[in-house]
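The lines below spell out each chain.
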Amino acid sequence: MEWIQSEDLGQLAFHYSMQLHPPYHNIAILVISIAFNHTIMKVHSSIFTASSIFAACLQVSHSFAPVSFTSTPSGIANNNARRSTFSKTSTTTTSSTSLNVLISEYVQREVSTMEDWATTYGVQKADGVQLHSPDNEDYQVITQAPISAGQPVLYVPAHMILSSTSVSEEFGWTLEEAEMALVNIDQGQVGRLPLFRLLVKLLSEIDKASESPFDPWLSSLPKTFYNGVSMTDACFECLPPYAAMLAMNERNTYSRFLNALRLGFAPISQETINNEKIVKWAYNVALTRFQEVWEPVRQKKLVPYVDMLNHSSEANCEITFDAEGNCLVLALYDIQPGNPLTVSYGDPTNPTPLFAKYGFLPQDCSTIFCKAMHLEEQIQDLGYDFNELLFQTETGEIAPKVWDIFLYKLLQDNDPSAAETFYIACKINDEDTKSQYHNHYFAYTLDSLKSHVYTILSDVERLTMKAQTYDRGAHPRVPVIVAHNNLVRATFTMTAALLEQMG
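Calculation rules
Residues numbered from 1 in each chain as written. Predicted model: local features only at pLDDT ≥ 70, side-chain atom pairs only at ≥ 80, totals over all residues. Heavy atoms only, no water. Helix = DSSP H or I, 4+ residues; strand = E, 2+ residues; numbered from the N terminus. Buried < 20%, exposed > 50% of the residue type's maximum accessible area, 1.4 Å probe, protein only. Contact = heavy atoms within 4.5 Å. Areas by Shrake-Rupley, 256 points an atom, 1.4 Å probe, with all protein chains shown as cover. Patch = residues over 30% accessible without salt bridge, like charges linked within 9 Å, V, L, I, M, F, W, Y side chains within 5 Å. Salt bridge = Lys/Arg side-chain N within 4 Å of Asp/Glu carboxyl O. Lys, Arg positive; Asp, Glu negative; His and termini not counted. Charge placed at Lys NZ, Arg CZ, Asp CG, Glu CD. Phe/Tyr/Trp six-rings, centres within 6.5 Å; stacked < 30°, edge-to-face > 60°. Core = buried A, V, L, I, M, F, W, Y, C linked by side-chain atoms within 4.5 Å. Pairing = 2+ DSSP bridges.

Student: I'm lost on the overall build of the protein in this one. Help?
Tutor: The secondary structure content of the protein amounts to 22 helices and 15 strands. Sorting the 503 residues of the protein into buried and exposed places 52% on the buried side. In the protein, the proportion of contacts linking residues at least 24 apart, taken out of those at least 6 apart, comes to 74%. Of the roughly 23,000 Å² of accessible surface on the protein, a fraction of 52% belongs to carbon and sulfur atoms.

Structure representation (structure tokens):
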């Protein structure tokens, strides 16, 4: 057993009592008084015995009980439940120095401080689970001990989690006005209101600077992002159309969020709103680190420490939430020591959306979209998804539905009656009829596909050469753009070779 000194608890209670409304100060003082006259015991971090892991599989709360306090630290435990004291014109001020530290590439991420903070307030880890970085910039969660399939590896209590639902409860009508302003700018943003709420919450915590209970976590986050939101106009000129469209969509959403904030309804200081670098940074934090929850209501959540889990197309962990809102990460398979703990950020069959949203290119992707953006109308008519229209990255092999959309376009242009018959065959999965049309028009479809593939190869070569002329100091996203284009070029080169073999 490990002892917590009463003086330490008293200092914690005093520190967080200062963030409460005045009527609650006496309660905090009572906690301090109790703390100086009693010593409490904390269960040692090695709670992952065989029996507790077995219990965890049955009932999470038995093995992952939060660290015991005489009272839960009010600065975090009640953070999501309290109403904000901000008004439309907040009097809270934040120094420009503290803002700039969050986004300065010259200031190291304070990850060790975050780990201490996380453990203090209830984050629990399986034996051997730790954060690792080869360069003090990019971090990942790894295990130095074997983990069994189904075993819980991380637990984060609900009071440490930021959720879009609790943000609405916290800010009330002031947030509703800001949301109405956003929707008035663009009706299409209704579906992204949960993300907007997280952005507002992050900026409100940034306003508090070191007084925010989430300051250790904020200070541990990446300083720089490489996704579409962060790209310059020149970067977009170096991307193929599909990647450029997805990246631009992300940046356009950010621009609409920023314009809504500038109308002044959100409970955020004007100084923070006027600092576009910090707003963009907070937006990227929300965008790239949220978890989507669908029940009992749809919401987005930011989960400290769990947000350090990296992506893999063959993820070995999954993230779940219990009825109380606590977060639990479970191993999907047996994981050997030295391996990273990973989750899936999105569809592993198509890396371009991950590139646009997160700013990285998965190294283990096996397919990419065929880039037939000029056939978007045909794709929609047939009811196909982009993740069905793929080329294999290792062989160049073409998915059957790619042939469908190219043939359908040819038939629409040359024989509308045949196009209608082929359309129906695709809709009802009449493979015999589809095969007859493919066999009859194969030479024409082949020529059309060849033309597309060689056009993409020519475009990618030109775009990559242009990107390589940029100053990487002014355009730091160039390397990931070039990597994306190189993947497209390598895959399409193999596809071209296969098409040439066909005739």
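Next, the rest of the story.
Student: How do you make sense of a negative patch on the surface when you look at a structure like this?
Tutor: Taken together, the side chains of Glu105, Asp135, Glu137 and Asp138 make up a negatively charged region of the molecular surface. Here glutamate 137 shows up in the loop between strand 4 (129-132) and strand 5 (140-143). Exposure remark for glutamate 137: the relative accessible area of 54% places this residue in the exposed category.

Student: Looking at this structure, how should I read the packing of aromatic side chains?
Tutor: Centre distance and the angle of the planes are the two values used to describe a pair of aromatic rings. Inspection of the entire model under this criterion finds 16 aromatic pairs. Geometrically, the ring pair formed by tyrosine 242 and phenylalanine 386 is edge-to-face, given 5.2 Å between the ring centres and 80° between the ring planes. Of this pair, tyrosine 242 sits in helix 13 (residues 241-261) while phenylalanine 386 sits in the loop between helix 17 (376-382) and strand 15 (390-392), and the two are 144 residues apart along the sequence. Considered together, tyrosine 242 and phenylalanine 386 belong to a single accessibility category, that of buried residues. Here tyrosine 358 and phenylalanine 360 contribute two aromatic rings whose centre-to-centre distance is 6.0 Å and whose plane-to-plane angle is 45°, an arrangement assigned as tilted. By relative accessible area, which is 25% here, phenylalanine 360 ends up partly exposed.

Student: Explain the nonpolar core to me, please; I cannot follow it from the model alone.
Tutor: Across soluble globular proteins, nonpolar side chains have a tendency to be buried as a group. Counting residues in hydrophobic clusters, the biggest one holds 72 residues, and the most contacted among them are Trp217, Leu261 and Trp281. At nine residues, helix 10 (residues 193-208) tops the list of elements feeding residues into this core. The residues touching tryptophan 281, leaving out its near neighbours within four places in the chain, are Leu102, Ile103, Ile206, Leu218, Leu221, Pro222, Lys223 and Phe225. Membership of the second largest hydrophobic core comes to 58 residues, among which are Ala356, Cys370, Leu407 and Tyr437.

Student: Sorry, what's going on with the environment of isoleucine 398 here?
Tutor: Inspection of the secondary structure assignment puts isoleucine 398 in the loop between strand 15 and helix 18 (400-414). By relative accessible area, which is 11% here, isoleucine 398 ends up buried. The spacing of isoleucine 398 and threonine 367 is 31 residues in sequence and 9.7 Å in space, taken between C-alpha atoms. Filtering out sequence-adjacent residues up to four positions away, isoleucine 398 remains in contact with Leu390, Phe391, Trp403, Leu449, Thr495 and Leu499.

Student: Honestly, the sheet that holds strand 7 (residues 162-163) in this entry has me stumped. Any pointers?
Tutor: Within a beta sheet, neighbouring strands are joined by backbone hydrogen bonds and run either parallel or antiparallel to one another. Strand order in this open sheet of three strands is 7-9-8, and the pairing throughout is antiparallel. Pairing within the sheet leaves two strands with one partner each, and these edge strands are strand 7 and strand 8 (290-293).

Student: Is there a simple way to think about unusual backbone geometry in this case?
Tutor: Peptide bonds are trans in most cases, and residues, glycine excluded, mostly fall at negative phi. Following glutamate 295, the chain continues into proline 296 via a peptide bond in cis, with omega recorded as 0°. Relative to the elements of secondary structure, proline 296 occurs in the loop between strand 8 and strand 9 (299-302). Positive phi is not limited to glycine here, since tyrosine 305 has a value of about 75°. Locating tyrosine 305 in the fold gives a position in the loop between strand 9 and strand 10 (310-311). Note on tyrosine 305: relative accessible area 1%, which makes it buried.

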